[in-house]
Structure formats: structure tokens, C-alpha cells
Amino acid sequence: MNIDKLGRMSAANLSAVANRIGMWQYSRVRGGPPILKARIVTALMSLLLLSGCATQFVYNNIDWLGVDYIEDYVSLSAEQESQLQRQLQNMQQWHRRSELPQYYAHLSELRAVQPEAINDLYLIQQQRKFEQHWWRLVQYAAPTVSDLTISLTDEQKLELLKNIAVAHKEKDDEYIDKSEDEIRQSYYEKLQERTEEWVGTLTSTQKSQLKAWANEMLVTNEFWSAYRQAYLRYLAAMLAEPDPSLKQAQIDQLLYNADALYSTELRQALDYNRQLFINNLTLFATSMTQKQWAYYRKQVTEWMELAQELQSP
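Residues numbered from 1 in each chain as written. Predicted model: local features only at pLDDT ≥ 70, side-chain atom pairs only at ≥ 80, totals over all residues. Heavy atoms only, no water.

- The name an unreviewed UniProt entry assigns to the protein chain is Lipoprotein, from the organism Vibrio agarilyticus.

Below, the structure written as C-alpha cells:
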């Protein structure tokens, strides 16, 4: 089993509920923050999110799968593994009891939405709800992340930094030889794929709309590359910080406010692309056929059933 792929699929699938249902452009067609939170917080969290792949297995074995996932970046001692497993087991119990019912309720609301209700205000409200789901997870996981980070030895810190640097380079290399037209084509292909997963076959007019949308997006790969470099510098300084109180403050910064490292250009581009997403999704909703709406509701129903199934140990 490829645990790394399984974990990424888990995160991607909840992202897809937002993206493909059309409520929140969670990833904003970006490279994703290649940060400690992305591998430790997101590793812990993504394995707890709804997953369409081997769901029951992943969810019921979160303790050792989570450890395996994190050890792709840093090798843990037996004591660290044991502590992390206990914390993940507690997190699973909390998530099953507290979070899954909220996912079910939110999905039920999304299933019931009527075409005429899709407008800018509605989409912004849904974006906030998805953000609330995410931040509850981050807040619950924060002590686990903090404990693990503080417990790292000098050797583990170097290993973590090295592996993150390798991941950054791999992400940069994805776009280094691509022209802007090629990048926009990949944007279009992702938009089409995600949309078809939620509404089925697209009309030629809808495909043209998605193509125009992709062509309007601001390309952000260079901005994300600069952010990754800034993040790695910050992370290295945090790991080297000898003062416990200052280190804790820096960990909290990475957990709760990592976007403070965004450049002005990246922030503006993300805001622009987010508004573009809302505008185009509103327009797309008006073009959906009855058959596409039925397909969409069927997909959401399946996610609701999954959320309900996972509530039982």
C-alpha cells in the first residue's frame, strides 16, 4: 500500500467536496503550502478527513497510518511513535464524535441547495463553513504537532529540513519547463476533471466556459516557489531556536498564520483567483441541466452515507 498516496487522496477528497461541489476553491489551483503544517498538521488531519479510498481501513487505523505518513519526512523514535499513536487515537475518537456529524449536516445542506440560491453571498458563506471545519482540526491537532516538533533531536531536524527541501524542489520542477500556455492547459484539465466528477458529462458551452476561466487565472507557481523558500528559512530558524517560549510562539505562527509569509504578489493573486472562482461557479450553476443536478445530488448523497458510516466504530 502506498501510504503517502493514500493520505494525499484523503486530503484531496475533502478538498474535492469544496472544489467540485463548488463551495470553496480549497486548493486555489496552487502548489500547496510545502510546510511543516503541510506534512505534520495536514498529515494528521488529512487521514481524519472523509476519504473515498479505503475509507474504513484508513479511518480505523489512523494511529499507525499517521505515524507511517509522517515518517516519510522524519524518522521517529519508538517513544515518539508511541506518543503520537496515542494522540492520534484520541483525535480519532474526538473526530468521530464531534466532527463527522457536522460534516453530515453540512453535506445535507449542500445536497438541498436549489440552483437559484447559488450566488456570490452563498458561496462565500460556504467557504467560511469549510474553513471552520479545517480550523477546528488544526486547533485540536496543535498540541500534538507542538509536542512532536519540540521532541525532535538535532539529527531529526536536519532530516526534516532536507526532506522538505527535496519536496520543494520536486514541486518547483513540475513547472520549471512549462510555458504559461501549458500551465493554463493543466488548469483547464483539472477544472474539467473535477467538474465532471461532480456533475457528469459537460456540454460544449460549459467546456468553453471552463477554458475561458483557466485562461483568466493568474499563474502563481513562481510566487509559491518564493513562499516555499521563505517558509523553509523560517522553519530552519524555528527548529534552531533554543528558547522554549520563543520556539512555541514560532510553532504557533506556522500552525495558525503561515500565510503571513505570503508575498504581496501571492496574496493579491490568490484573492483574484478566489473571486474568479466565485464568479465562474455562479455562472456555471446557471448552465447546469436537470440531469447534472441529479448527478450532483447523487454524489453528495454518497458522501453523506460515508460520513454516517464512519460514525460507527
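Let's pick the thread back up.
### Here we look at the overall build of the protein chain
Step number 1: Counting its regular elements, the protein chain contains 13 helices and zero strands.
Step number 2: When the helices and strands of the protein chain are read in sequence order from the N terminus, they spell out α-α-α-α-α-α-α-α-α-α-α-α-α.
Step number 3: Taking all 313 residues of the protein chain together, the buried fraction comes to 50%.
Step number 4: Contacts in the protein chain between residues far apart in sequence, at least 24 positions, make up 81% of those at least 6 positions apart.
Step number 5: With the model as given, the accessible surface of the protein chain reaches about 14700 Å², and the carbon-plus-sulfur share is 51%. (Helix = DSSP H or I, 4+ residues; strand = E, 2+ residues; numbered from the N terminus. Buried < 20%, exposed > 50% of the residue type's maximum accessible area, 1.4 Å probe, protein only. Contact = heavy atoms within 4.5 Å. Areas by Shrake-Rupley, 256 points an atom, 1.4 Å probe, with all protein chains shown as cover.)

### Topic: the packing of helix α5 (residues 78-112) against helix α13 (residues 290-310)
Step number 1: Viewed as axis vectors pointing N to C, α5 and α13 meet at an angle of 165 degrees, and their least axial separation amounts to 9 Å. The orientation of α5 with respect to α13, classified from their angle, is roughly antiparallel. Our pair here, α5 against α13, has a crossing hand that is left-handed. Where α5 abuts α13, its residues R96, L100, Y104, L107, S108, L110, R111 and A112 lie against Y296, R297, V300, T301, W303, M304, A307, Q308 and L310.
Step number 2: Partitioning the contact of α5 with α13 into residue classes produces 11 nonpolar, three polar and three charged. (Axes fitted to C-alpha atoms, helices over the stretch in contact; angles between N-to-C directions. Parallel < 35°, antiparallel > 145°, perpendicular 65-115°, else oblique. Left-handed = near helix turned anticlockwise from the far one by under 90°. Nonpolar A, V, L, I, M, F, W, Y, C, P; charged D, E, K, R; others polar.)

### Details of α5
Step number 1: Under the 1.5 Å per step criterion, the end-to-end length of α5 is 48 Å for 35 residues, consistent within 8% with the ideal 51 Å.
Step number 2: Of all the bends in α5, the greatest measures close to 40 degrees and is centred on H95. (Expected span 1.5 Å × (residues − 1). Bend = angle between axes of the 7 residues up to and from the residue.)

### Quick notes on the packing of helix α7 (residues 154-173) against helix α10 (residues 221-240)
Step number 1: At a minimum axis separation of 11 Å, α7 and α10 run at an interaxial angle of 180 degrees. Our classification of the angle between α7 and α10 gives roughly antiparallel. Facing α7, whose interface residues are K157, L160, L161, I164, A165, H168, K171 and D172, α10 presents S225, R228, L232, L235, A236 and L239.
Step number 2: Of the residues contributing to the contact of α7 with α10, the split by class is eight nonpolar, two polar and four charged.

### With respect to the packing of aromatic side chains
Step number 1: Here the structure, examined in full by the defined rule, presents nine aromatic pairs.
Step number 2: Relative to Y231, the ring of Y227 has its centre 6.2 Å away and its plane inclined at 50 degrees; by these criteria the two rings are tilted. Separated by four residues within a single helix, Y227 and Y231 lie in helix α10, roughly one turn from each other. Here the two residues Y227 and Y231 agree in accessibility, since each one is buried.
Step number 3: When the ring of Y227 is compared with that of Y262, the centres are 5.0 Å apart and the planes differ by 80 degrees; the resulting orientation is edge-to-face. Taken together, the positions of Y227 in helix α10 and Y262 in the loop between α11 (244-256) and α12 (264-287) put the pair 35 residues apart, joining distant regions of the chain.
Step number 4: Take Y262: its relative accessible area is 15%, and that puts it in the buried class.
Step number 5: Grouped by ring-pair contacts, the aromatic residues W224, Y227, Y231 and Y262 constitute a single cluster. (Phe/Tyr/Trp six-rings, centres within 6.5 Å; stacked < 30°, edge-to-face > 60°.)

### Here we look at the confidence of the model for the protein chain
Step number 1: Looking at the protein chain, the pLDDT average stands at 84 and 82% of residues meet or exceed 70.
Step number 2: Averaged pLDDT values over the elements of the protein chain bottom out at 35 in helix α1 (residues 3-21) and peak at 97 in helix α9 (residues 204-216).
Step number 3: Throughout residues 1-39 the model reports pLDDT below 50, and contacts reaching past four residues in sequence, or to other chains, amount to 118 contacts. (pLDDT = per-residue confidence, 0-100.)

### Quick look at the environment of K129
Step number 1: Tracing the sequence through the fold places K129 in helix α6 (residues 120-151).
Step number 2: With relative accessibility at 29%, the residue K129 sits in the partly exposed group.
Step number 3: Along the sequence, K129 and H106 sit 23 residues apart, while their C-alpha atoms lie 8.2 Å from each other.

### With respect to the pattern of salt bridges
Step number 1: For the structure shown, the criterion picks out nine salt bridges.
Step number 2: For E99, the salt bridge goes to R136, with nearest N and O atoms at 2.8 Å. Highlighted residues: E99 in helix α5 and R136 in helix α6, separated in sequence by 37 residues.
Step number 3: By relative accessible area, which is 0% here, E99 ends up buried.
Step number 4: A salt bridge links K171 to E174; the nearest nitrogen and oxygen atoms lie 3.3 Å apart.
Step number 5: Judged by relative accessible area, K171 falls into the partly exposed class, the value being 22%.
Step number 6: Overall, the relative accessible area of 39% leaves E174 in the partly exposed class. (Salt bridge = Lys/Arg side-chain N within 4 Å of Asp/Glu carboxyl O.)

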